[in-house]
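The lines below spell out each chain.
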Amino acid sequence: MKASEVMADLRSRFPAEPEYLQAVEEVLNSIEDVYNEYPEFERWNLVERLCLPDRILSFRVSWVDDQGRVRNNMGYRIQHSNAIGPYKGGIRFHASVNQSILKFLAFEQTFKNALTTLAMGGAKGGSDFSPRGKSDMEIMRFCQAFIAELWRQLGPDTDVPAGDIGVGAREVGYMFGMYKKMAREFSGTFTGKGLDFGGSLIRPEATGYGNVYFLQQMLATRGIDIKGKRVAISGSGNVATYTAQKLLQLGAKVVTMSDSGGTIYVPDGLTDEQLDYIFELKNLYRGRISEFADRYPCEYHPGKRPWQLASFDIAMPSATQNELDGDDARALLQGGCFAVSEGANMPSTPEAVKAFIDARILYAPGKAANAGGVSVSGLEMAQNAQKLTWTAQEVDDYLRRIMADIHAQCERYGRVDSSYINYVKGANTAGFMKVARAMMAQGIL
Ligand code: NDP
């Protein structure tokens, strides 16, 4: 297999899907060598089968807004691979959602889920519906209409969705409720559910906490203590806020947070009280990060992302894809940044990734660093199947072990020399080998 030839073919077949092509190219470039060690992969055309999703579902979602107007959105579910377990991956509600973005996310999810050591295939879904500014009743009606169409494709051993951008506990609750009614079953078909109906302790925290645990593993390879380090975070949603919470617990300084409107810069680091306010602002009032600067006077940079505002030790992009470009990466490196651990999926552009790898800093791609969320989703599925609830301590201990295990897999396949691990190569190769072996064993499907 030559990665460039596969990419040329995919580009001609899917010219309007830049995010999907970007994600596939990154993986193919890093697995080319190992793939070519197994001639049987080529005979079974494994790489092409792995790049193309098993199934793409797209549908119209019609719902009625508070003014009585009929509104129409597009809904999607990309079932990418169930080679190692049921389809599993979040649902995203955001105006920017399209088939290319969900195909890239489902592709990434397949490798990420393989890294977790749990039995989960890869999927992703969503809609171009934007929850921003919608009432609770509108959100509920939309979630119900979305699931009225999708429920037949889901099930605890078939396809298990969860949250993502724009989909938190409220939306998962409404979707689960509708699924339960249509399917006439109470099962673990969604993860990220409320604690009163099958949710797992530590699931809301898991992606952010897991990212910090992964960062600690990386820092340990260079004997660096996280205490006192200046960390730039982007976003102020689920992943960003729980990343900040864990960093504060460990004595690091969280100096930036953002949303799509702009970035706050707090040079001395957020206090616990200030972070509590951000949780309240985002979860209760669904407000904007600019309101933080009204309450606690600090620098607010409208329309700006964090990366070029000051110098930082560590960057943890936790908002969305392609939010950190080549110029941002060069500014971070010039400011002395020595670690980047991605909470979001594919937040760094290919140029930024190359800059981090060339500089041999500690750089963890999202599919390794943010796998804590889906890992605890896997633990939620296990608890639902057992009809048991584990304690927060049990789940957190499990999460730490899984993140350490993912780090070990990255090291196994990505160690370049005694002082450098290429985490991109390590994560892609480890994830690929597991899925590839399963596909070979199951025949051509
Ligand atoms: P949330 O919806 O809770 O938060 C998203 C945050 O990112 C918000 O602050 C939002 O700002 C900001 N944001 C979204 N889109 C843009 C944009 N185009 N430009 C600038 N800012 C933007 O989502 P999550 O925290 O759940 O997800 C964040 C990232 O983490 C995503 O890439 C997701 O795929 C990834 N992820 C999430 C997991 C989870 O468990 N939730 C698991 C693994 C990965 P605003 O409110 O202004 O839109």
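All of these numbers come straight from a predicted model, not from anything done at the bench.

Rules behind the numbers
Residues numbered from 1 in each chain as written. Predicted model: local features only at pLDDT ≥ 70, side-chain atom pairs only at ≥ 80, totals over all residues. Heavy atoms only, no water. Salt bridge = Lys/Arg side-chain N within 4 Å of Asp/Glu carboxyl O. Buried < 20%, exposed > 50% of the residue type's maximum accessible area, 1.4 Å probe, protein only. Helix = DSSP H or I, 4+ residues; strand = E, 2+ residues; numbered from the N terminus. 1 Å grid on protein atoms, 1.4 Å probe; cavity = no way out; pocket = protein on both sides within 12 Å on 5 of 7 lines; lining within 4 Å. Points joined across faces, edges and corners; volume = space filled by probe spheres on them. Nonpolar A, V, L, I, M, F, W, Y, C, P; charged D, E, K, R; others polar. Axes fitted to C-alpha atoms, helices over the stretch in contact; angles between N-to-C directions. Parallel < 35°, antiparallel > 145°, perpendicular 65-115°, else oblique. Left-handed = near helix turned anticlockwise from the far one by under 90°. Contact = heavy atoms within 4.5 Å.

**A closer look at the pattern of salt bridges**
One pass over the structure, following the stated rule, counts 25 salt bridges. With its nearest N and O atoms 3.0 Å apart, the salt bridge here joins R69 to D65. We classify R69 as partly exposed; its relative accessible area is 47%. Across the salt bridge formed by R360 and D417, the nearest N and O atoms sit 2.9 Å from each other. Remark: D417 occurs in strand β13 (residues 415-417) and R360 occurs in the loop between α13 (350-358) and β12 (362-364); sequence separation between them is 57 residues. A network of salt bridges, in which partner residues are shared, links D9, R13 and E48.

**Thoughts on empty space enclosed by the protein**
Following the criterion strictly, the structure yields 2 cavities of 30 Å³ or more and no others. Of the pockets and cavities examined, the largest cavity occupies roughly 50 Å³. If you trace the largest cavity, you find it lined by E26, E108, E342, M346, S348, V353, Y363, P365, G366 and K367. Looking at the lining of the largest cavity, its residues break down into 4 nonpolar, 2 polar and 4 charged. By volume, the second largest cavity is sized at about 30 Å³. Elements with a minimum of two residues in the lining of the second largest cavity: α2 (18-35), α4 (46-51) and α5 (99-115). Here the lining of the second largest cavity is composed, by residue class, of 9 nonpolar, no polar and no charged.

**With respect to unusual backbone geometry**
Even without glycine at this site, R184 takes up a positive phi of about 55°. In this structure, R184 sits in the loop between α7 (169-183) and α8 (203-220). The class of R184 is exposed, set by a relative accessible area of 77%.

**Notes on the packing of α8 against helix α9 (residues 238-249)**
The interhelical angle for the contact between α8 and α9, taken along N-to-C directions, is 50°, at an axis separation of 7 Å. Classed by the angle they form, the pair α8 and α9 counts as oblique. The chirality of how α8 crosses α9 is right-handed. Contacts between α8 and α9 involve P204, E205, T207, G208, Y209, V212, Y213 and L215 from the first element and N238, V239, Y242, T243, Q245, K246, L247 and Q249 from the second. Of the residues belonging to the contact of α8 with α9, the class tally is 8 nonpolar, 6 polar and 2 charged.

**Quick notes on the environment of A252**
Inspection of the secondary structure assignment puts A252 in the loop between α9 and β7 (253-259). Owing to a relative accessible area of 7%, A252 belongs among the buried residues under this scheme. In this structure, the C-alpha to C-alpha distance between A252 and I314, residues 62 residues apart in sequence, is 10.0 Å. Once residues lying within four places of it in the same chain are set aside, the contact partners of A252 are I226, K227, G228, K229, V231 and L247.

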